[in-house]
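Residues per chain, in single letters:
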Amino acid sequence: MHGLMQNHPLLVSSLIEHAGNAHPHAEVVSRTLEGRMHRCTYADIERRSKRVANALTALGVSPGARVGTLAWNGYRHLELFFGVSGMGAVLHTVNPRLFPEQLAYIINHAEDRYLFLDACFVPLVEKLAPQLTTVKAFVVMAGRPVEAASTTLDLCYYEELIAAHSDDYRWPQLDENAASSLCYTSGTTGNPKGVLYSHRSTVLHTMLLCMADAFALTAVDSVLLASPMFHVNAWGIPYAATMVGARLLLPGAALDGASLYQLMRDEQATAAAGVPTVWLMLQQYVHTQSLRPLEELALRRIIVGGAAVPRAVVETFERLFGAHVLHAWGMTETSPVATVCRPLRKHLEYSAAERIDLQRKQGRVPYGVALRIADESGAVLAHDGVASGRLLVRGHWVASAYYGDEAGAILDADGWFDTGDIATIDPDGYMQITDRAKDVIKSGGEWISSIDLENAAVDHPAVAEAAAIGLPHPVWQERPLLVVVRKTGHDVTKDELLAHLSERVAKWWLPNEIVFVAELPHTATGKLQKMVLREMFKQHRFDA
Ligand code: AMP
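In every chain, residue numbers begin from 1 and rise along the written sequence. In view of the model being predicted, local features appear only for residues whose pLDDT reaches at least 70, and side-chain atom pairs are presented and counted only at 80 or more, with totals across whole chains, interfaces and linings using the full set of residues. Derived side-chain values reflect all non-hydrogen atoms in the structure, with water molecules and hydrogen atoms excluded from consideration.

## Section: the sheet that holds strand β5 (residues 112-117)
Here is step 1: Pairing between two strands is assigned when DSSP locates at least 2 bridges connecting them. Elements are defined by DSSP. Helices are runs of H or I of four residues or more, strands are runs of E of two residues or more, and each kind is numbered from the N terminus. The seven strands are arranged β7-β6-β5-β3-β4-β8-β9 in an open sheet whose pairing can be described as mixed. Edge positions in the open sheet fall to β7 (155-157) and β9 (193-198), since each of these has one partner strand only. Ignoring which end each strand starts from, the neighbouring axes of this sheet average 25° apart.
Here is step 2: Contacts between helix α3 (residues 75-86) and the sheet are confined to β3 (66-70), β4 (90-93), β5 and β8 (179-185), with β4 contributing the most and set at about 145° to the helix. Here an axis means a line fitted to C-alpha atoms, over the contact stretch when the element is a helix, while the angle between two N-to-C directions is reported on a 0 to 180 degree scale. It only takes one pair of heavy atoms within 4.5 Å for two residues to be counted as in contact.

In structure tokens, the structure reads:
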């Protein structure tokens, strides 16, 4: 027997429709690329996202077609979040920090039909365009500024495009399991892989974010979004702020300490989200300028994820800012939020030091996600806070396959996804990451693939073998150290090798240091022993 309740599909468009009705005057404040502040409301965002939907329909974008964006956090990007997904197409947010070859691979693999880009990315897209096989038109997210003009590309302009269409539009009642957005993640091996979110997974994840035991977003919040909208949909926070009618502060490309502080102060942000590197830079700025955030800011909580949060960050936010650090863990494949470090009743009696120890854990699962740990043979390990093993996850907003693969392809027989992280889980359910099975180097919340870096080094005629490892860095969390064995009878200097690498990898991938050694440690089967290398260089320190 079926229940007799109404059955409305869980759709991304329902979020902006609700905000337009229930929170029409709540503000979205954006810093434009020119540095001006732009203000609009959720009612404006809804109207303009409907124009986007009408424009895409007129361009022949059909349900399921991919529409790419190459853009910072701003109101037009938010309009595309709702306009593209809402009309049934798939929003593909592309990370502009990737190396051009990866960008071309990703855009071609996703088969993006249109690419919306911030004006600052016109030169990048001019270079990429000859390699792009599916993009029919490039839309600059601006009016018609002279500086965005291209000599080689015939560009369209966002404002002209949407001005030509009405905001009279009914959001289609799509299947809630239809794809809504697509995000690529780079692992250690092979090409980047696409994670394809559905309307249903997105709305359920959005509800989680708003829960009091998660980010607790409400209509009285002003949320500063310092996590980029091209990285796992800015952790889903644009959807969550829209769901509850929170004021949204979008910093554009200005993620430096001075700009973020100014935005927090001028707009009285109550919550802010970003990777530890962003917060380290903010804290450094506050320190060097001798500012008094406790008096000037209204910050109550800081949402941190993407990498483990250093103890000093937690302490400084509490002491200097009066802000509580909410530590969360997740990955592109988990939408991303899968754990949040919120206390239990018994923790209310903890001392300040004990509380900070707890906050440094990645947290516990909300309803909708389950975790377990397993050893190399797949045997499930105890949740005793001691045993550490491969972290497995499953839930309503966890991927079942990468884009282009069979559904279920990345799950084990019981439906668990192996995260590649190594973790402990304590008897209260608090998970703590202890290591990474994958050897990627995490620089400021972005991946540097150690294998790609090594391959680029080995391309040099004088290099016999190379190994890249991540070492702790005071600002970027980790930066690469490249350990190189020269070919006998050949010579290459550090500078020559750096020049060689800079033609092959993105600038921010370049190793902070190159060390030449006689040989590298190997296992019996010839695999590099990165653990041994890390041990060898564990005293090595990079300066800020
Ligand atoms: P991405 O898919 O780029 O978001 O990266 C996901 C990976 O980042 C995870 O598998 C972890 O290795 C790492 N990560 C994310 N959040 C945290 C955290 N709070 N602490 C430690 N590592 C984290």
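Here the narrative resumes, following the displayed structure.
## Details of the sheet that holds strand β10 (residues 222-225)
Here is step 1: Reading across from one edge, β2-β1-β11-β10-β12-β13-β14-β15 is the order of the eight strands in this open sheet, with mixed pairing throughout. Strands with a single pairing partner mark the edges of an open sheet, and in this sheet they are β2 (37-41) and β15 (337-340). If you compare each strand with its neighbour and ignore which way they point, the axes differ by 20° on average.
Here is step 2: Relative to strand β11 (residues 247-250), β10 runs parallel, the two sharing three bridges. Bridged to Ser-222 within β11 is Arg-247.

## Considerations on helix α10 (residues 257-266)
Here is step 1: Burial classes: relative accessible area under 20% of the type maximum marks a residue as buried, over 50% as exposed, and values in between as partly exposed (1.4 Å probe, protein chains only). Of the residues making up α10, those classed as buried are Gly-257, Ser-259, Leu-260, Tyr-261, Leu-263 and Met-264.
Here is step 2: Note on α10: the residue one or two positions beyond its end, Gln-268, has a positive phi of about 50°.

## Focus on the packing of aromatic side chains
Here is step 1: Only Phe, Tyr and Trp rings are paired, with Trp represented by its six-membered ring, and only when their centres lie within 6.5 Å; those with planes under 30 degrees apart are stacked, over 60 edge-to-face, the remainder tilted. Under the criterion given, the structure shown has ten aromatic pairs.
Here is step 2: When the ring of Tyr-169 is compared with that of Trp-171, the centres are 5.3 Å apart and the planes differ by 80°; the resulting orientation is edge-to-face.
Here is step 3: With relative accessibility at 16%, the residue Tyr-169 sits in the buried group.
Here is step 4: Taking relative accessible area as the criterion, Trp-171 reaches 6% and is therefore assigned buried.
Here is step 5: Measuring from centroid to centroid gives 4.8 Å for Phe-317 and Phe-321, while their planes differ by 65°, and the two rings are edge-to-face. Placement of the pair is Phe-317 and Phe-321 together in helix α13 (residues 311-321), with a separation of four residues, close to one helical turn. For the residue pair Phe-317 and Phe-321, the accessibility class agrees, reading buried in each case.
Here is step 6: Feature note: the residues Trp-72, Phe-121 and Phe-230 constitute an aromatic cluster, connected by ring pairs.

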